[in-house]
Amino acid sequence: STIKVPVLCLLFRDAEQGRVDLSQTLVVSKENRVGGSGILQSLRPELEMSIFDLASLMMVLSDNIATNQIIDIVGMDRVREFCKEKGLYNTWIWQKMIHQGPPPAEMPEGLIPNATTAADLGALMEQIAAETIVTPASCRKIMQIMADDIGETLEPDFINRTLVTLTHELSH
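Predicted model, so just to flag it, every value in this text is computed and none were measured.

## Side note on the overall build of the protein chain
Line of reasoning, step 1. A count of helices and strands for the protein chain gives eight helices and four strands.
Line of reasoning, step 2. Ordered by position from the N terminus, the helices and strands of the protein chain form the series α-β-β-α-α-α-β-β-α-α-α-α.
Line of reasoning, step 3. Counting across all 172 residues of the protein chain, residues that qualify as buried make up 45%.
Line of reasoning, step 4. Expressed as a percentage of contacts within the protein chain between residues at least 6 apart in sequence, the contacts between residues at least 24 apart total 65%.
Line of reasoning, step 5. Accessible surface computed for the protein chain: about 8600 Å², of which carbon and sulfur atoms make up 55%.

## Concerning the packing of aromatic side chains
Line of reasoning, step 1. Within the structure shown, the criterion is met by zero aromatic pairs.
Line of reasoning, step 2. Over the ring of W94 we find R80, and its NZ or CZ is 3.6 Å from the ring centre.

## As for the packing of helix α2 (residues 51-60) against helix α3 (residues 64-74)
Line of reasoning, step 1. Relative orientation of the contacting elements α2 and α3 amounts to 125°, with a least axis distance of 8 Å. With respect to each other, α2 and α3 are oriented oblique. The way α2 lies across α3 gives a crossing that is left-handed. Residues I51, L54, A55, L57 and M58 of α2 pack against A66, T67, Q69, I70 and I73 of α3.
Line of reasoning, step 2. Of the residues contributing to the contact of α2 with α3, the split by class is eight nonpolar, two polar and no charged.

## Description of the pattern of salt bridges
Line of reasoning, step 1. Following the criterion strictly, the structure yields seven salt bridges and no others.
Line of reasoning, step 2. Residue R80 is joined to D77 by a salt bridge in which the shortest nitrogen-to-oxygen separation is 2.3 Å. You can see R80 and its partner D77 sitting in helix α4 (residues 76-85), three residues apart, about one turn around the helix.
Line of reasoning, step 3. In this structure, the salt-bridge partner of K86 is E85, at a minimum N-O distance of 3.7 Å.
Line of reasoning, step 4. A network of salt bridges, in which partner residues are shared, links R13, E85 and K86.

## Focus: the confidence of the model for the protein chain
Line of reasoning, step 1. Per-chain confidence: the protein chain averages 82 in pLDDT, with 81% of residues scoring 70 or above.
Line of reasoning, step 2. Here helix α8 (residues 156-171) is the element of the protein chain with the lowest mean pLDDT, 45, and helix α1 (residues 4-16) is the one with the highest, 97.
Line of reasoning, step 3. Predicted confidence is poor over residues 150-156, with pLDDT under 50, and the contacts of this stretch with residues over four places away or in other chains come to 19 contacts.
Line of reasoning, step 4. Within the model, pLDDT remains below 50 along residues 158-172, and this stretch shows 16 contacts once partners closer than five positions in the same chain are excluded.

## Side note on the environment of V27
Line of reasoning, step 1. Take V27: it is sitting in strand β1 (residues 25-27).
Line of reasoning, step 2. Taking the C-alpha atoms as reference points, V27 and Q69, separated by 42 residues in sequence, lie 9.3 Å from one another.
Line of reasoning, step 3. With near-sequence residues (within four places) excluded, V27 lies in contact with P45, E46, L47 and E48.

## Things to note about unusual backbone geometry
Line of reasoning, step 1. The phi angle at S62 is positive, at roughly 55°, despite the residue not being glycine.
Line of reasoning, step 2. Structurally, S62 is set in the loop between α2 and α3.
Line of reasoning, step 3. Unlike most non-glycine residues, E131 shows phi in positive territory, near 60°.
Line of reasoning, step 4. With respect to the helices and strands, E131 occurs in the loop between α5 (118-129) and α6 (136-147).

Calculation criteria
- Residues numbered from 1 in each chain as written.
- Predicted model: local features only at pLDDT ≥ 70, side-chain atom pairs only at ≥ 80, totals over all residues.
- Heavy atoms only, no water.
- Helix = DSSP H or I, 4+ residues; strand = E, 2+ residues; numbered from the N terminus.
- Buried < 20%, exposed > 50% of the residue type's maximum accessible area, 1.4 Å probe, protein only.
- Contact = heavy atoms within 4.5 Å.
- Areas by Shrake-Rupley, 256 points an atom, 1.4 Å probe, with all protein chains shown as cover.
- Phe/Tyr/Trp six-rings, centres within 6.5 Å; stacked < 30°, edge-to-face > 60°.
- Lys NZ or Arg CZ within 6 Å of the ring centre and 35° of its normal.
- Axes fitted to C-alpha atoms, helices over the stretch in contact; angles between N-to-C directions.
- Parallel < 35°, antiparallel > 145°, perpendicular 65-115°, else oblique.
- Left-handed = near helix turned anticlockwise from the far one by under 90°.
- Nonpolar A, V, L, I, M, F, W, Y, C, P; charged D, E, K, R; others polar.
- Salt bridge = Lys/Arg side-chain N within 4 Å of Asp/Glu carboxyl O.
- pLDDT = per-residue confidence, 0-100.

In structure tokens, the structure reads:
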């Protein structure tokens, strides 16, 4: 799910600009609960977690539910604008992950709803590595999320709550 990388970069830019507080906690909205990859579909719907944890799950486990929630936070139109601004002209998101139904009417005909290319992804990764896509500090956090083991990325409180939840659900 390489399409999730520009979503993560925009989220961090929004955090830098004060539009988003990565430590804010929330419950994933019902409409964002979909199948596919990730762990959130197996956890309690009312589980509260930080935006940072959602971003980590989006990248580390390619969690579609987390991705859909992050797309709501940053805005799908803004992801497309961000990609164009950063020179990623063959990267776009027109619908959420595991979307059911027809594509949006405003989507240009003939496009795949969510797509990127190897060239765009390479350019994006170069900008992250050069610490230019967002601030150097945010680029380092993005690289850490993409490189770290899940236990090193997620906040300890989230891991503890999740383990308690899974243990409880498996024992009943």
